[in-house]
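Analysis of the macromolecular model
This is what each chain is made of:
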Amino acid sequence: MTIHLRQICLVARDLAPAIADLRAVLDLPVAHVDPAVGKYGLENTLLTVGTQFLEVVAPIRDNTAAGRYLDRRGGDGGYMVICQASSRAVQDELRENAADADVREAYFSDRGDWNILQLHPGDLKAAFLEVDWDAQDDPTGNWMPAGGLDWRDGGGTGASIAAVDLQSDDPSALAELWGAVLGLPVDGPRASPEIALADARLRFVEDRDGRGPGLSALDLRMRDPAAARARAAAAGLRSGSGAVICGTRFRFLD
């Protein structure tokens, strides 16, 4: 099971200030804006993080899944873990794993050379899991949710998403569930188990902010983490050695 982390999606009440804060602190270029999300009552912007992406979605009408998630978690925060499967067979196996674990498919679309699979956050307890496959199978290049290869026009960043924190009142059980669905082993101590993707780690931690289960933090590898900390301080978003932006903790790594 070769699965790469390609994108993290955050959710915000208001898109523009969330994107402004992320760009001010993280110094990331805009990769893509997808008007197609409008049919779900959303607007979005994707930022380039090396060959990965950081997306923010925001509701533009009442009674959306994103709006209900904002209400349930008490504000902005993490929303989706979005991965790339190395083959259609890997994606198919993951679908079977999800069914065996009683995890529902929230959405599936077979587009011939690009398949989209989204698994229900209610069953996965902490976040949506999306695993896409496309015929080009290039985990550092083509990515259809970011417009194929158009994101390269915005320039590189030398950054990457190294780890994702998913919090729960039972991290071990949550890790076992995600591991069963992904078809990947769980390692690390019982109090903070991890799953290794091909290019990043999913870390399962205790609920540290009282907001309940959810995607709570990201580790970013950056060329100059000290500069990011200085920008966070200037924007009033510094928290410890990192920042809190769009309801999500960011840790800056060399």
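For the structure, see preceding data.
The following refers to the structure shown. (Residues numbered from 1 in each chain as written. Predicted model: local features only at pLDDT ≥ 70, side-chain atom pairs only at ≥ 80, totals over all residues. Heavy atoms only, no water.)

**Describing the overall build of the chain**
In terms of regular secondary structure, the chain is built from six helices and 16 strands. Radius of gyration (C-alpha) of the chain: 17 Å, near the 18 Å computed for a compact globule of 254 residues. Counting every position in the chain, which comprises 254 residues, the buried fraction comes to 53%. A sequence separation of at least 24 residues applies to 66% of the contacts in the chain between residues at least 6 apart. Only carbon and sulfur atoms are counted for the fraction: they give 48% of the accessible area of the chain, which is about 10,400 Å². In the chain, which carries 26 positive and 38 negative side-chain charges, the distance between the mean positions of the two groups comes to 4 Å. (Helix = DSSP H or I, 4+ residues; strand = E, 2+ residues; numbered from the N terminus. Rg over C-alpha atoms; globule rule 2.2 N^0.38 Å. Buried < 20%, exposed > 50% of the residue type's maximum accessible area, 1.4 Å probe, protein only. Contact = heavy atoms within 4.5 Å. Areas by Shrake-Rupley, 256 points an atom, 1.4 Å probe, with all protein chains shown as cover. Lys, Arg positive; Asp, Glu negative; His and termini not counted. Charge placed at Lys NZ, Arg CZ, Asp CG, Glu CD.)

**Focus: the packing of helix α1 (residues 15-26) against helix α6 (residues 225-234)**
Packing of α1 against α6 leaves a shortest axis separation of 7 Å and a crossing angle of 135 degrees. By the angle between their directions, the pair α1 and α6 is classed as oblique. In this structure, α1 uses A24, V25 and L26 to contact α6, whose residues at the interface are A228, R231 and A232. The residue makeup of the contact of α1 with α6, split by class, is five nonpolar, no polar and one charged. (Axes fitted to C-alpha atoms, helices over the stretch in contact; angles between N-to-C directions. Parallel < 35°, antiparallel > 145°, perpendicular 65-115°, else oblique. Nonpolar A, V, L, I, M, F, W, Y, C, P; charged D, E, K, R; others polar.)

**Looking at the sheet that holds strand β5 (residues 77-85)**
An order of β2-β3-β4-β1-β5-β8-β7-β6 is seen for the eight strands of this open sheet, with the pairing classed as mixed. A single partner strand is all that each edge strand has here, and the edge strands are β2 (30-32) and β6 (105-110). Within the sheet, the average angular offset between the axes of one strand and its neighbour, ignoring direction, is 25 degrees. Pairing analysis gives eight bridges linking strand β3 (residues 42-49) to strand β4 (residues 52-59), with the strands arranged antiparallel. (Pairing = 2+ DSSP bridges.)

**Things to note about the environment of G41**
For G41, the location among the structural elements is in the loop between β2 and β3. Between the C-alpha atoms of G41 and D62, which are 21 residues apart in sequence, the distance is 7.8 Å. In this structure G41 touches A58, P59, I60, R61 and T64, once residues within four positions along its chain are discounted.

In short, shape yes, function no, at least from these values alone.
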